[in-house]
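# Commentary on secondary and tertiary structure
Each chain is listed here by its residues.
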Amino acid sequence: MMNLRTRCRSTWAVAFALGALTTPALAQPQPSAQAALAALAALAQSEQPKLLDTLKSLVNIETGSIHRDGLDVCAEFIATRLKTLGGSVEIIEAAPADIYKLEGLPDRIGRTVKATFKGTGTQRILLIAHMDTVYPPGMLSQQPFRVAGERAYGLGIADDKQGVAVILHVVSLLQALNVRDYGMLTVLINGDEEISSPASRKLIEKEGAAHDAVLSFEASRVDQDKLSLATSGIAMATMTVKGKSSHAGGAPERGVNALYELSHQILNLRDLSDSKVGLKMNWTVANAGVVRNMIPPGAQAWADIRMLRVADLNALEAKVNDRIKNKLLPESTVSVAFENRRPPLEATAASRALAAHAQTIYRELGKTLVVDAEPEGGGTDAAFAALNTKAPVIERFGLQGFGAHSTEAEYVLINSIQPRLYLATRMVMDIASAKAPVAAGQ
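Residues numbered from 1 in each chain as written. Predicted model: local features only at pLDDT ≥ 70, side-chain atom pairs only at ≥ 80, totals over all residues. Heavy atoms only, no water.

### Quick word on the packing of helix α5 (residues 157-176) against helix α11 (residues 417-432)
- At a minimum axis distance of 9 Å, the contact between α5 and α11 shows a crossing angle of 55 degrees. By the angle class used here, α5 and α11 are oblique. In terms of crossing hand, the pair formed by α5 and α11 is right-handed. Residue-level inspection shows Val-166, His-169, Val-170, Leu-173 and Leu-174 of α5 in contact with α11, the latter providing Leu-421, Ala-424, Thr-425, Val-428 and Met-429.
- Taken together, the residues that form the contact of α5 with α11 break down as eight nonpolar, two polar and no charged. (Axes fitted to C-alpha atoms, helices over the stretch in contact; angles between N-to-C directions. Helix = DSSP H or I, 4+ residues; strand = E, 2+ residues; numbered from the N terminus. Parallel < 35°, antiparallel > 145°, perpendicular 65-115°, else oblique. Left-handed = near helix turned anticlockwise from the far one by under 90°. Contact = heavy atoms within 4.5 Å. Nonpolar A, V, L, I, M, F, W, Y, C, P; charged D, E, K, R; others polar.)

### Points about the pattern of salt bridges
- Tallying each qualifying case throughout the model produces 22 salt bridges.
- Residue Glu-93 is joined to Arg-68 by a salt bridge in which the shortest nitrogen-to-oxygen separation is 2.6 Å. Taken together, the positions of Glu-93 in the loop between β1 (88-92) and β2 (112-118) and Arg-68 in helix α4 (residues 68-84) put the pair 25 residues apart, joining distant regions of the chain.
- Relative accessible area serves as the criterion here: at 47%, Glu-93 is assigned to the partly exposed category.
- A salt bridge links Asp-225 to Arg-420, with the nearest nitrogen and oxygen atoms 2.6 Å apart. With Asp-225 in the loop between β8 (220-221) and β9 (226-228) and Arg-420 in helix α11, this residue pair connects regions lying 195 residues apart in the sequence.
- Residue Asp-225 is classed as buried on the basis of its relative accessible area of 11%.
- Overlapping salt bridges bring together Arg-68, Asp-69, Asp-72, Glu-93, Arg-108 and Arg-111 as one network. (Salt bridge = Lys/Arg side-chain N within 4 Å of Asp/Glu carboxyl O. Buried < 20%, exposed > 50% of the residue type's maximum accessible area, 1.4 Å probe, protein only.)

### Let's talk about unusual backbone geometry
- In the segment running from Asp-159 into Asp-160, the intervening peptide bond is cis, with an omega of 10 degrees.
- Positionally, Asp-160 belongs in helix α5.
- Unusually for a residue other than glycine, Ser-196 sits at a positive phi of about 75 degrees.
- For Arg-396, which is not glycine, the phi torsion reads 75 degrees and is therefore positive.

### Section: the environment of Gly-401
- Here Gly-401 lies in strand β16 (residues 400-402).
- Residue Gly-401 is classed as buried on the basis of its relative accessible area of 11%.
- Distance in space between the C-alpha atoms of Gly-401 and Thr-360 is 23 Å, their sequence separation being 41 residues.

### Digging into the sheet that holds strand β11 (residues 280-288)
- Taken in spatial order, the four strands line up as β11-β12-β10-β13 in an open sheet, and their pairing is antiparallel. Of all strands in the sheet, those with a lone pairing partner are β11 and β13 (333-342), marking the two edges. Sheet twist, expressed as the mean angle between neighbouring strand axes with direction ignored, is 20 degrees.
- Of the pairings in the sheet, the one linking strand β10 (residues 233-242) to β13 comprises eight bridges and is antiparallel in character. The partner of Val-241 across the bridge, within β13, is Val-334.
- In the packing of helix α7 (residues 258-268) onto the sheet, the strands contacted are β10, β11, β12 (298-307) and β13, and the crossing angle to β12 comes to about 20 degrees.
- Its contacts with the sheet put helix α8 (residues 310-323) on β10, β11, β12 and β13, and the angle it makes with β13 is roughly 170 degrees. (Pairing = 2+ DSSP bridges.)

### A word on the confidence of the model for the chain
- Confidence in the prediction of the chain, expressed as mean pLDDT, is 92, and 92% of residues score 70 or more.
- Predicted confidence is poor over residues 22-26, with pLDDT under 50, and the contacts of this stretch with residues over four places away or in other chains come to six contacts. (pLDDT = per-residue confidence, 0-100.)

### Digging into a nonpolar patch on the surface
- A surface patch of nonpolar side chains, about 300 Å² in accessible area, is lined by Leu-259, Tyr-260 and Leu-328.
- By the element assignment, Leu-328 lies in the loop between α8 and β13. (Patch = residues over 30% accessible without salt bridge, like charges linked within 9 Å, V, L, I, M, F, W, Y side chains within 5 Å. Areas by Shrake-Rupley, 256 points an atom, 1.4 Å probe, with all protein chains shown as cover.)

### A word on α8
- Residues Asp-312, Leu-313, Leu-316 and Val-320 constitute the buried set of α8. Axial view of α8: buried residues confined to an arc of 100 degrees, hence all on one face. Exposed and facing more than 90 degrees away from the buried side of α8 are Ala-311 and Asn-314.
- Of the surrounding secondary structure, the elements contacted by the buried residues of α8 are β10, β11, β12 and β13. (Arc of directions from axis to C-beta.)

Laid out in structure tokens, this is it:
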């Protein structure tokens with residue numbers, strides 16, 4: 001008697017030979033296609049306990065963005081798994097010149113695991129997730145991996161250990177089905193997402209531009225089974241004012257009060273938000289001075305910036321640099337430095353078309369998939385992948401999860417494993433065989 005994997009291979013081979021899986025949204029699958037779909041659904045279900053084992057292994061490795069030792073262990077674990085699956089694997093250390101300079105970075109930033117699988121076709125597909133978490137070493141004991149009912153709990157399990165696990169098991173399913181009609185399947189898992197991907201953003205941007213479709217595996221929501229086409233961008237502005245110190249009581253006129261100039265500039269820059277385009281700029285932190293009886297020789301302030309369009313940050317920077325020329329104290333010097341922490345992901349015609357295809361796949365399971373084209377809070381590495389391409393880039397192919405960045409309640413829904421594995425595997429297969437729309441602007 002054939003085992004499940006052997007039966008699935010045989011069913012899929014027949015289905016592909018007949019072209020039976022070309023199922024328009026309004027058409028009913030033919031009998032052979034129905035058998036093939038049922039076989040994949042069963043195979044995805046059989047993968048669930050294995051994925052939970054992978055999640056346990058990943059959660060039990062502490063991978064805070066500042067914990068390079070733990071990140072190295074996790075990178076080796078992921079690399080080994082991808083090599084076992086037949087990938088050509090490298091663990092990439094970013095060159096110093098390729099690291100985007102941000103405030104507060106650790107001395108040693110996590111590396112990126114890249115695996116490539118060469119196929120027989122032409123379509124190039126990129127799967128991305130991240131291994132790092134927000135938690136410092138020692139916090140694992142507060143939230144070890146455990147299963148309770150339909151929930152699997154663990155430190156970083158939703159953000160984004162589940163994404164790593166789903167990708168590993170999607171590749172496993174593709175191998176079990178002997179699917180190789182893509183041109184290139186690339187897996188990219190970085191170790192610095194939670195600190196705005198300073199070491200991996202150039203690589204993600206480059207790989208995004210080199211592929212025909214990008215699927216990103218951040219978690220979906222427990223209250224809404226969804227994919228996301230747009231997220232807000234995050235940036236920071238640092239204003240630095242230099243003045244001149246002097247005795248505050250004996251000779252204040254000899255000084256140049258940096259606090260006065262800072263206050264003037266903040267008021268001068270307070271109205272740059274634009275609700276019509278979703279641009280928000282708010283000055284949130286400031287400091288100045290040395291001691292009470294000294295005219296402050298220096299001052300700084302920081303602004304939080306959110307945007308929905310890539311172009312708006314460039315326009316904002318130009319406007320700020322123009323306005324700071326209007327000084328209260330001519331002898332002071334004023335500068336503003338911008339950090340593009342994470343660009344926005346913008347919905348496109350190409351991503352809408354591919355997401356609509358994902359909805360037809362989910363309906364094969366009798367499930368409804370929400371496609372959210374409205375920007376939501378938080379950033380995503382998918383935005384870097386989308387910067388220099390018109391190919392579709394879609395976020396939230398991961399499991400349904402809850403409690404990211406918390407120490408007590410982070411979990412994923414176990415009953416989302418089978419449908420999400422099915423969805424991502426079918427998406428790769430349909431993109432590879434040109435049954436899913438990936439043409440830019442389609």
